[in-house]
Amino acid sequence: GQAPLTAAMISVAQLEDLAEDKAKTFTKFLLTQPPAANGEDLLAIWEEVYDEEMQKVQIQTLNGPCDDETNRVFPYEKLQAVMKDGGNWKWPRMWQRFDEIERRGSAYREGEKLHFNMPNKNPNIVEQRVLIVGGGPIGLRTAIEMAMAGHRVVIFEKRRELKDTSGELTQLGFTNRINRPHMWPFVRNDLAKLNGKDFMSREASYPVFTEPDTSSIGIDELQCLLLKNALLLGVDFRLGVGYDNAKIRTDPKNMMPTWEVECSYDDRSAAKYGKGKGKNVEVFDCLIGCDGPRSTVRDTQSKHFGNIEKRKFMDCVGIVANIRKVNRKRLKELGFEFGQEPGDMNRTKMVFKDFFKQITDKADADIENLIYYKASHHNYTILVPKRADLIKHGLSGKVYHFAAGRDKAADDARSEEKNKLKKYCRSVLQAAGIPIDEQAENGGFVDAPNDCMAFDFAECWNTKKSIVFNLPPPGYDVEVDGPWMGRNLVPLVALAGDALLEPFWPMGLGLKRGWQAVMDTCYAVDNLYNREKYATRMGKDPTTFSWEDHCEAHQAQVSQNFEFCNRLKISDELAKGEYDPKGVVLLQLLKKVKDAERPVFEVEVDPWTRYEPLMKELGDSWKTMSKDDAWVHSRVQKSLNMAAFYAEVGKGGKNGEITYEGKPLLSINGKVLPGCKGTGSLLGTASKPAPAPAPGAKLAAVPQGGGYVNPLEMQQLAKERQQAMAAMVQARPQASAPAPAPAPEVTSSWRPSVGSVAPPKSGGVGGLPCGDEGLDGLRLVWFRPHDV
């Protein structure tokens, strides 16, 4: 027989010690949150959690050992394989929630239990290198959704917090904002899906998940929650890197355009990523600006988005004031019965006339809107007075855009102006019955720069277009097809969040529009090459649906999505975050299971599940389909499958404990685990040699015979096989008649991939199947996870 392959080993004791140490650091990571810590603290702890050793963890998948190039897994899957439940009953549920985040494209691995036997919703996604500029809530949420489609995602965030020798802030960090946007039901459902109730403290979770009418969340809390998810899902978050400009670079052979991005690395980021300090150039397929209302991406790429429209609603100044919490004893002294704070408020002068008359009588202030949200560590207020009213009270009436409004006063004049503003706010809040203790530090306001600021609420910006692209047909070859004679080629560039539409703050539309822009952007990137989707939807033959037809349809749909986002044409079910009791999902589900748990309505990438006009396009087709007893709505089927799954893995405890089965651990930093049952074999051996490959194919041989199989060598062999199979696919002779092409043609600008085949049949020694027949008789060898 063949001599066993050798490799460094890690003992069980060493693995236990590593798991214990990592679990302690990971617990610290999960507990890190505002106000005690910020996003930079979180990133620093993440570097300890997911260090080089953990990055080199190798785990088993249904497609063989993981590989960061050809068979990627998420960081959370590697961490779970090492730490398991970490001695915490909540962790299995946390890992399971990550599993439940829906995968698309190459992130979907056929046959995995985490899909609940549901199909890949978009198998035609072509992996893109995506740059997202801005690490705010919209940038982070976009990155998460992109990662779940298999795209390679990088975030540039230049705002690093800087302090002087006395500890005073000289530059604000990216998570220093503590204002509290309104929380919409579908956003709340989305955050719950992302482990929101476990990743946030009980105090921080209360106003998000418990107050349905006036639910709110702190921007810093939201960012840290999303940042934890983004890191655990493999997003490359680069702090201290700023976007400067981007130019289009076109491949002279296939005319594929990409973005040549000019960026600046500060000292620390340059050292961490091995870049030169200052200017650098990096290449991406897609550029997405989530960098706020003064967007650099929008400014540098303005020719693609058209004229920027500046909107003016009214002459109103917005004042944001964050006030300190008052303890119960002091509340009683201030006249609040039982020492309790009043409930949240979101009031307008038109509706609450008596309330605002009271403010006028007591504070001599003319206020149009007032918002008051309670939070765990401070309370958040928005006042909207007329500019003339500020001037009447001795203020200059001069306001700043939000970023400047948060800066620490640069001179005595600004400081005096800010003191007057705080006095005005305190008078209005006291007249409105909102507790503020002027004897407390900073007169009852939180510390600068978030204490009190005024800016122009009525001035908003929006763009004419949200997403622009113009790509050549896949497979275009200048030598064969001649010089490009079409319009100028543009790789995808998009705007989302406040960079796209700056909302009118008192209406609380920031997250409502922003979340739709996230999904619209992901839809555009996912379907860049999905010719089959539009051919099917338009009732045309995919084999005759041209690239021009596809591009025209995709651009039209992207434009329509932006219009619906701008006008907030979302469906009633999405707005409420729950399915219609008289709709197809609940009617069919309750018919099948009388006491079934009702699923929440979760936001998805597919615009036909979000926008009311698109849902109406589908009409009542479900009524016809539901007459067929064999037809089951996809959401109903998923609920049934999930119920069956949890019946199997549930432990029956009062806290919903489950038995979680992750991916088996193979090696850590090249050191493999001890073999099973004393054989030293992790993967077992095939029962018989693999059949010869197709004629002319040269595929790496799979080691045969007994003994230990090094997973690192198996990874290389699998990679060689995949490359050979891809080359065979590209080299297959073309028929004279057009062949059906449901997916985009393979081009030299992106790596081809070999699709998954059906789950393996039983057979073979040590859990290995005998193999299935694949492309042109090519034999695909399957490996099943082995109990270690």
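1. Section: the overall build of the protein
Right, so step 1: Along the backbone of the protein there are 28 helices and 24 strands.
Right, so step 2: Taken over 788 residues, the protein has a buried fraction of 52%.

2. Describing the packing of aromatic side chains
Right, so step 1: Evaluated as defined, the whole model comprises 22 aromatic pairs.
Right, so step 2: Aromatic side chains Tyr76 and Phe98 sit 4.9 Å apart centroid to centroid with 25 degrees between the ring planes, which places their arrangement in the stacked category. Residue Tyr76 is located in helix H4 (residues 75-83), and its partner Phe98 is located in helix H5 (residues 91-100); the two are separated by 22 residues in the primary sequence. No difference in accessibility class separates Tyr76 from Phe98, as the two residues are buried.
Right, so step 3: Linked through ring pairs, Phe26, Phe29, Trp46, Tyr50, Phe74, Tyr76, Trp91, Trp95, Phe98 and Phe199 together constitute an aromatic cluster.

3. Let's talk about the sheet that holds strand S22 (residues 671-672)
By way of backbone hydrogen bonds, the strands of a sheet pair with one another, either parallel or antiparallel.
Right, so step 1: Read across the open sheet, the four strands follow the order S2-S1-S21-S22; overall the sheet is antiparallel. Across the chains shown, the open sheet's two edge strands, defined by having one partner strand only, are strand S2 (64-65) and S22.
Right, so step 2: Here strand S1 (residues 57-61) runs beside S2; their pairing, made up of two bridges, is antiparallel. Bridge pairing in S2 places Thr61 opposite Gly64.
Right, so step 3: On the sheet, H4 packs against S1 and strand S21 (665-668) and is oriented at approximately 95 degrees with respect to S1.

4. Some remarks on a nonpolar patch on the surface
Right, so step 1: Taken together, the side chains of Met350, Val351 and Phe352 make up a nonpolar region of the molecular surface, amounting to roughly 350 Å² of accessible area.
Right, so step 2: Of note, Phe352 is situated in the loop between strand S14 (345-348) and helix H15 (353-363).

5. Things to note about the pairing of strand S20 (residues 490-495)
Right, so step 1: Extensive coverage of S20 is indicated by the burial of six of its six residues.
Right, so step 2: Note that strand S11 (residues 286-289) and S20 share three bridges and pair parallel. By the bridge assignment for S20, Gly289 is matched with Leu495.
Right, so step 3: In this sheet, S20 lies alongside strand S19 (residues 467-470) in antiparallel orientation, the contact comprising three bridges. Note that in S20 the partner of Asn470 across the bridge is Val490.

6. Things to note about the packing of helix H1 (residues 12-31) against H5
Right, so step 1: Two elements in contact, H1 and H5, have axes separated by 14 Å at closest approach and are oriented at 70 degrees. Overall, the two elements H1 and H5 adopt an arrangement that is roughly perpendicular. Two packed elements cross with a definite hand, and for H1 against H5 that hand is left-handed. Contact with H1, carried on its side by Ala23, Phe26, Thr27 and Leu30, involves Trp91, Met94 and Trp95 of H5 and no other residues of that element.

7. Here's the deal with the environment of Gly475
Right, so step 1: Tracing the backbone shows Gly475 in the loop between S19 and helix H19 (478-481).
Right, so step 2: Judged by relative accessible area, Gly475 falls into the partly exposed class, the value being 41%.
Right, so step 3: Separated by 221 residues in sequence, Gly475 and Asn254 have C-alpha atoms that sit 7.0 Å apart.

8. Observations regarding the pairing of strand S13 (residues 317-324)
Right, so step 1: Of all eight residues making up S13, seven are buried, and the element is well covered by its neighbours.
Right, so step 2: Judged from the five bridges that link them, S13 and strand S17 (residues 452-456) form a sheet pairing that is antiparallel. Within S17, the position partnered with Ile319 by the bridge is Ala454.
Right, so step 3: In this sheet, strand S16 (residues 378-385) lies alongside S13 in antiparallel orientation, the contact comprising six bridges. When the bridges of S16 are listed, Val320 appears paired with Ile382.

9. Digging into helix H22 (residues 547-566)
Right, so step 1: In this model H22 runs 29 Å from its N-terminal to its C-terminal C-alpha over 20 residues, within 8% of the 28 Å that 1.5 Å per residue would give.
Right, so step 2: Looking at H22, one finds that the buried residues are Trp547, His550, Cys551, Ala553, His554, Gln557, Val558, Asn561, Phe562, Phe564, Cys565 and Asn566.
Right, so step 3: Leu568 occupies a position one or two residues after H22 and carries a positive phi of about 55 degrees.

10. Description of the state of the cysteines
Right, so step 1: For the coordinates displayed, the defined rule picks out zero disulfides.
Right, so step 2: This cysteine, Cys452, is not joined by any disulfide, and Cys425 carries the nearest cysteine sulfur, 3.6 Å off.

11. Comments concerning the side chain of Arg104
Right, so step 1: Note that Arg104 resides in the loop between H5 and strand S3 (129-133).
Right, so step 2: Ignoring sequence-local partners within four residues, the contact set of Arg104 consists of Asn120, Asn122, Ile125, Glu145, Met148, Ala149, Gly150, Cys522, Asp526 and Val605.

12. Considering the nonpolar core
Across soluble globular proteins, you tend to see nonpolar side chains buried next to one another.
Right, so step 1: One finds Phe26, Phe29, Leu79, Leu191 and Trp515 to be the most contacted residues of the largest nonpolar core, which totals 144 residues.
Right, so step 2: Top contributing element to this core by residue count: helix H20 (residues 510-526), with nine residues.
Right, so step 3: Contacts of Leu191, omitting those with residues within four sequence positions, involve Met183, Gly196, Phe209, Ile217, Leu222, Leu225, Leu226 and Trp515.
Right, so step 4: Within the second largest apolar cluster, 28 residues are counted, among which are Ala321, Ala365, Leu429 and Ala432.

13. A closer look at the sheet that holds S11
Right, so step 1: Judged by pairing direction, the sheet is mixed, and its six strands sit side by side in the order S7-S4-S3-S11-S20-S19 without closing on themselves. Every other strand in the sheet has two partners, leaving strand S7 (236-239) and S19 as the edge strands with one partner each. Going from strand to strand, the sheet's axes swing by 15 degrees on average, the running direction of each strand aside.
Right, so step 2: As defined by bridge partners, strand S4 (residues 152-157) adjoins S7 across four bridges and the pair is classed as parallel. Opposite Glu157, over in S7, you have Leu239 as the bridge partner.

14. So, the confidence of the model for the protein
Right, so step 1: Mean pLDDT over the protein stands at 83; residues scoring 70 or higher make up 80%.
Right, so step 2: Under a pLDDT of 50 for its full length, residues 408-412 has, in the predicted model, three contacts with residues more than four places off or in other chains.
Right, so step 3: The low-confidence segment residues 728-788, where pLDDT is below 50, has 117 contacts with residues more than four positions distant or belonging to other chains.

Scoring rules and cut-offs
Residues numbered from 1 in each chain as written. Predicted model: local features only at pLDDT ≥ 70, side-chain atom pairs only at ≥ 80, totals over all residues. Heavy atoms only, no water. Helix = DSSP H or I, 4+ residues; strand = E, 2+ residues; numbered from the N terminus. Buried < 20%, exposed > 50% of the residue type's maximum accessible area, 1.4 Å probe, protein only. Phe/Tyr/Trp six-rings, centres within 6.5 Å; stacked < 30°, edge-to-face > 60°. Pairing = 2+ DSSP bridges. Contact = heavy atoms within 4.5 Å. Axes fitted to C-alpha atoms, helices over the stretch in contact; angles between N-to-C directions. Patch = residues over 30% accessible without salt bridge, like charges linked within 9 Å, V, L, I, M, F, W, Y side chains within 5 Å. Areas by Shrake-Rupley, 256 points an atom, 1.4 Å probe, with all protein chains shown as cover. Salt bridge = Lys/Arg side-chain N within 4 Å of Asp/Glu carboxyl O. Parallel < 35°, antiparallel > 145°, perpendicular 65-115°, else oblique. Left-handed = near helix turned anticlockwise from the far one by under 90°. Expected span 1.5 Å × (residues − 1). Disulfide = S-S within 2.5 Å. Core = buried A, V, L, I, M, F, W, Y, C linked by side-chain atoms within 4.5 Å. pLDDT = per-residue confidence, 0-100.

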